[in-house]
Amino acid sequence: MCIEVKKKCECGGRQVQFHLRDNIMDPNVLERLFCPVCSADTPINRETMLQDNDWIIEYDMTLARMYGLTRLSLSAEEINPEFIFDQGYATWREMYPGESEDIAGERERIIARKDENPKRYLQEINAWAVNRISRLKEAGWRKAMLA
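As the structure is a computational prediction, the values presented were derived from the model and not from experiment.

Reading across from one edge, E3-E5-E4 is the order of the 3 strands in this open sheet, with antiparallel pairing throughout. The two strands at the open ends of the sheet, each matched to only one other strand, are strand E3 (30–34) and strand E4 (49–52). Recorded for the sheet is a direction-independent mean angle of 15 degrees between the axes of neighbouring strands. Here E4 pairs with strand E5 (residues 55–59) via 4 bridges, running antiparallel. Its bridge partner being in E5, Met49 is matched across the sheet by Glu58.

What follows is the structure in structure tokens.
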């Protein structure tokens with residue numbers, strides 16, 4: 001079971017949904033979020049922060065390490081922002097913030113054609129998904145790079 005958490009960025013301009021894999025981490029592990037606007041003047045602390053394109057997530061590493069030790073039996077040295085994000089313990093719900101809104105129109109246009117020609121629909125939806133992941137990888141989105 002996974003829980004979703006909504007978090008506003010520091011400037012209040014954006015709200016993002018996070019995914020917490022297997023309820024290992026508590027929502028309080030997500031200390032602060034910086035969108036591309038409020039991240040511009042934010043110095044990166046690699047010990048507590050992860051940067052994904054122009055977004056920055058700051059984790060409460062004391063809390064994260066406590067959960068890593070008690071729930072995953074890992075040492076404190078094994079728990080860092082990259083591990084938390086890349087293993088899905090506190091990561092974007094989507095590939096990147098706002099993905100659902102960005103792809104809704106494209107996806108709906110392809111799905112609308114599924115009854116006309118099911119074989120063509122499957123080819124188009126597969127090609128679209130592969131091309132989309134390639135674009136996200138080229139753009140440097142972390143979750144896409146791991147896909």
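Inspection of every chain in the model, using the stated rule, returns 8 salt bridges. A salt bridge links Arg32 to Glu58; its shortest N-O distance comes to 2.5 Å. With Arg32 in strand E3 and Glu58 in strand E5, this residue pair connects regions lying 26 residues apart in the sequence. Accessibility expressed as a relative area gives 32% for Arg32, which makes it partly exposed. A salt bridge links Arg93 to Glu94; the shortest N-O distance between them is 3.2 Å. Residue Glu94 is classed as buried on the basis of its relative accessible area, which comes to 13%. Overlapping salt bridges, with partners in common, bring together Arg113, Arg120 and Glu124 in one network.

Overall, the coordinates contain 0 disulfides when judged by the stated rule. Free of any disulfide, Cys11 has its nearest cysteine sulfur in Cys9, 3.5 Å distant. By relative accessible area, Cys11 is classed as partly exposed at 43%. Not part of a disulfide, Cys38 finds its nearest cysteine sulfur in Cys35, a span of 3.7 Å.

Inspection of the secondary structure assignment puts Glu94 in the loop between strand E6 (91–92) and helix H3 (99–111). One polar contact links Glu94 to Arg93, side chain to side chain, over a distance of 3.2 Å. If we skip the residues at most four places from it in the chain, Glu94 touches Glu99, Ser100 and Lys143.

Let's shift gears to the pairing of strand E2 (residues 15–20). Only one face of E2 is covered, namely the one carrying Val16, Phe18 and Leu20; the face carrying Gln15, Gln17 and His19 has none of its residues buried. As defined by bridge partners, E2 adjoins E6 across 2 bridges and the pair is classed as antiparallel. Residue His19 lies in a different strand from E6, and its bridge partner there is Thr91.

The next thing to look at is the packing of aromatic side chains. For the coordinates displayed, the defined rule picks out 5 aromatic pairs. Each ring, one from Tyr96 and one from Trp141, has its centre 5.1 Å from the other, and the planes form 25 degrees; the classification is stacked. Note that Tyr96 is positioned in the loop between E6 and H3 and Trp141 in the loop between helix H4 (118–139) and helix H5 (142–145), a separation of 45 residues in sequence. Within the aromatic cluster, the residues linked to one another by ring pairs are Phe18, Trp55, Phe85 and Trp92. Of note, Arg132 hangs over the ring of Trp128, and the distance from its end group to the ring centre comes to 5.3 Å.

Thresholds applied
- Residues numbered from 1 in each chain as written.
- Predicted model: local features only at pLDDT ≥ 70, side-chain atom pairs only at ≥ 80, totals over all residues.
- Heavy atoms only, no water.
- Pairing = 2+ DSSP bridges.
- Helix = DSSP H or I, 4+ residues; strand = E, 2+ residues; numbered from the N terminus.
- Axes fitted to C-alpha atoms, helices over the stretch in contact; angles between N-to-C directions.
- Salt bridge = Lys/Arg side-chain N within 4 Å of Asp/Glu carboxyl O.
- Buried < 20%, exposed > 50% of the residue type's maximum accessible area, 1.4 Å probe, protein only.
- Disulfide = S-S within 2.5 Å.
- Polar contact = N/O pair within 3.5 Å; in protein donor to acceptor, adjacent residues only side chain to side chain.
- Contact = heavy atoms within 4.5 Å.
- Phe/Tyr/Trp six-rings, centres within 6.5 Å; stacked < 30°, edge-to-face > 60°.
- Lys NZ or Arg CZ within 6 Å of the ring centre and 35° of its normal.

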